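# Fold and geometry: a report
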Amino acid sequence: MHALPNFNLDLNNLNSKTANPYLWKMVWENIVGQGAVKNALLESIAQDRVGHAHLFIGKDGYGSLPLALAFAREILSRENPDAAERVDSLNHIDLHLSFPTFNSAKTDALSKNYLETFREALTENPYLSLNDWMTFLDAENKQLLLSVKEISSWVEDFALKSYEGGSKILIVWNADKMQAKSSNKLLKFLEEPPEKTLIILTAETEDNFLPTILSRTQITKIPRIEDAAIENYLAKNFDLPDEQLKSIVFQSQGDLNSALKLANSGTQTSEFETLFVQWVREAFMVKNKPELLRNIISWARDIASWNREKQKQFLEYCAKMFRLALMQNYGLNNLVYSKITMSKFNWEAFSKFVHGANISNILEELSDADFHLQRNANPKIVWTDVGIKLSRYIHIKA
């Protein structure tokens, strides 16, 4: 496996390809790409146009949390130059971090009870996803949320004066993971914010917020990271052949977290390929040999034993291979950046079975499986259902 990159280094002067894990400083220069967003945020500070509530909308892998942290660092550092180091270590007393957690027998779902763990996860990878956080917590079977108690704790904390006499900043990561009662409390907090309070919410979509919450925030859309920025970053941090590098950039679709996983996933990709081919072969034979259905059930049970993040990654891998097979079938060879190369697997022959008459059903089935897994459905049932339904769809004729 390749060494993980070090976000603590200046990306413009980074020569080492064997850097230590992340240890990321919350500075603008360490954020990959997003030049337009950085400039807009800096300009808002310079022109004193920073509202009391902001909402950053974009995938975690696009850098919404690193941007929020760099924004907070800039504001606190301008008020007190000594603040930067404390923000970098996530120990600034006037910078509050809130994030989804879970209730356990020993601990309430409050960010302060998980803060040290979150600091550790964040310094390892500031572009982490909610699923990464779940894996870090070993909480794949738990429901992560922002509880009513969590929002109440903000009200209590922000009722106190700033320790350093300047701004108090609250960053709420994945702020849409709220209970209904939590949303109502957040709305009241936004309507009556304490003096010198800045609230920065991050989320991947606006869809789960109350319209009244959206109307009380300045919304900043975080776009996908530019391909050139991701390619430049990976080239400086990984020893990758040019063809593989370009393939990773294409597959990541502007998501740095995905790009880093792809750059480190050689062994896992091989495992996914083996299981995908196993299913394809069983799916073709089960139509004439129903007794082979037991093999698909066994296949499903093996996958169901993985943690949720790995199951999600396999679903994404399957969806990717079906899309690529569709492009292969329709002669779009220049877009087929990856193929299954296992011995005795005929990629071209397989691709002829993926077409306009079944691709929608296939991708919808994979999407539904992801939906049910995120909501704690029984994974054995989910994967058995996927295996059987996909076996039917693959036999639909164009």
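All of these numbers come straight from a predicted model, not from anything done at the bench.

### Considering the overall build of the chain
Helix and strand counts for the chain stand at 17 helices and five strands. Relative to its full complement of 398 residues, the chain shows a buried share of 52%. At a minimum sequence separation of 6, the contacts of the chain that also span at least 24 residues come to 72%. When the accessible surface of the chain is summed, it comes to about 19100 Å², and 49% of that surface belongs to carbon and sulfur atoms. The averaged location of the 49 negative side-chain charges in the chain is 6 Å from the averaged location of its 44 positive side-chain charges.

### Brief notes about the pattern of salt bridges
Throughout the structure, instances matching the rule amount to 14 salt bridges. The shortest N-O distance in the salt bridge between K246 and E231 comes to 3.1 Å. Within this pair, whereas K246 is found in helix 10 (residues 242-252), its partner E231 is found in helix 9 (residues 227-237), the two being separated by 15 residues in sequence. Judged by relative accessible area, K246 falls into the partly exposed class, the value being 42%. With relative accessibility at 24%, the residue E231 sits in the partly exposed group. Salt bridges linked by common partners bring K312, E316 and D370 together as one network.

### Let's talk about unusual backbone geometry
The phi angle at D48 is positive, at roughly 55°, despite the residue not being glycine. Following the sequence through the fold, D48 ends up in the loop between helix 1 (35-46) and strand 1 (53-57). When its relative accessible area of 70% is taken as the criterion, D48 is described as exposed. A positive phi angle, close to 60°, is found at L90, a residue other than glycine. By secondary structure assignment, the location of L90 is in the loop between helix 3 (83-88) and strand 2 (95-98). Exposure remark for L90: the relative accessible area of 5% places this residue in the buried category.

### Focus: the packing of aromatic side chains
Centre distance and the angle of the planes are the two values used to describe a pair of aromatic rings. A full pass over the atoms with the stated rule returns 26 aromatic pairs. Seen from their ring centres, F118 and W173 are 5.5 Å apart, and the 45° between their planes marks the pair as tilted. Here F118, found in helix 4 (residues 115-124), pairs with W173, found in the loop between strand 3 (168-172) and helix 7 (180-191); they are 55 residues apart in sequence, far enough to count as distant. As far as burial versus exposure is concerned, F118 and W173 are alike and both buried. Geometrically, the ring pair formed by F276 and F350 is edge-to-face, given 5.9 Å between the ring centres and 85° between the ring planes.

### Some words on the nonpolar core
L69, F71, W133, I169, I171 and L234 are the most contacted members of the largest nonpolar core, which totals 55 residues. Taken domain by domain, this core gets at least three of its residues from each of domain 1 (28-223) and domain 2 (228-265). Apart from the residues within four sequence positions on either side, L234 is in contact with L245, I248, V249, A259 and L260. Core analysis: the second largest hydrophobic core is formed by 43 residues, L275, F276, F314 and L390 among them.

### A look at the environment of K310
Its location among the elements puts K310 in helix 14 (residues 308-329). Relative accessible area serves as the criterion here: at 19%, K310 is assigned to the buried category. When the C-alpha positions of K310 and L41 are compared, they lie 35 Å apart, and in sequence the two are 269 residues distant.

### Digging into the packing of helix 10 against helix 11 (residues 256-263)
Each pair of packed helices can be summarised by the angle the axes make with each other and by the distance between the axes. One can describe the packing of helix 10 onto helix 11 by two numbers: an axis separation of 8 Å at closest approach and a directional angle of 140°. Looking at the two axes, helix 10 sits oblique to helix 11. The crossing of helix 10 and helix 11 is right-handed. Contacts between helix 10 and helix 11 involve I248, Q251 and S252 on the former and, on the latter, S258, A259, L262 and A263. Along the lines of polarity and charge, the residues of the contact of helix 10 with helix 11 split into four nonpolar, three polar and no charged.

### Considering the confidence of the model for the chain
Interpretation of this model should avoid reading the predicted coordinates in detail wherever pLDDT is low. On average, residues of the chain score 84 in pLDDT, and 91% of them reach the 70 mark or higher. In the model, residues 1-23 has pLDDT below 50 throughout and makes 70 contacts with residues more than four positions away in sequence or in other chains.

### Describing the environment of L275
Checked against the element boundaries, L275 lands in helix 12 (residues 266-286). Distance from L275 to C318, taken between C-alpha atoms, is 9.7 Å for residues 43 residues apart in sequence.

### A few points about the sheet that holds strand 4 (residues 197-203)
Within a sheet, each strand pairs with its neighbour through backbone hydrogen bonds, oriented either parallel or antiparallel. An order of 2-3-4-1-5 is seen for the five strands of this open sheet, with the pairing classed as parallel. For this open sheet the edge positions go to strand 2 and strand 5 (218-221), each flanked by a neighbour on one side alone. Taking the axes of each pair of neighbouring strands and ignoring which way they run, one obtains an average angle of 15° across the sheet.

### Details of the side chain of S98
Assignment of secondary structure puts S98 in strand 2. When its relative accessible area of 2% is taken as the criterion, S98 is described as buried. Not counting chain neighbours up to four residues away, the residues in contact with S98 comprise S111, L146, E150, W154, L170, I171, V172 and W173.

Conventions we followed
Residues numbered from 1 in each chain as written. Predicted model: local features only at pLDDT ≥ 70, side-chain atom pairs only at ≥ 80, totals over all residues. Heavy atoms only, no water. Helix = DSSP H or I, 4+ residues; strand = E, 2+ residues; numbered from the N terminus. Buried < 20%, exposed > 50% of the residue type's maximum accessible area, 1.4 Å probe, protein only. Contact = heavy atoms within 4.5 Å. Areas by Shrake-Rupley, 256 points an atom, 1.4 Å probe, with all protein chains shown as cover. Lys, Arg positive; Asp, Glu negative; His and termini not counted. Charge placed at Lys NZ, Arg CZ, Asp CG, Glu CD. Salt bridge = Lys/Arg side-chain N within 4 Å of Asp/Glu carboxyl O. Phe/Tyr/Trp six-rings, centres within 6.5 Å; stacked < 30°, edge-to-face > 60°. Core = buried A, V, L, I, M, F, W, Y, C linked by side-chain atoms within 4.5 Å. Domains from an automatic or database assignment. Axes fitted to C-alpha atoms, helices over the stretch in contact; angles between N-to-C directions. Parallel < 35°, antiparallel > 145°, perpendicular 65-115°, else oblique. Left-handed = near helix turned anticlockwise from the far one by under 90°. Nonpolar A, V, L, I, M, F, W, Y, C, P; charged D, E, K, R; others polar. pLDDT = per-residue confidence, 0-100. Pairing = 2+ DSSP bridges.

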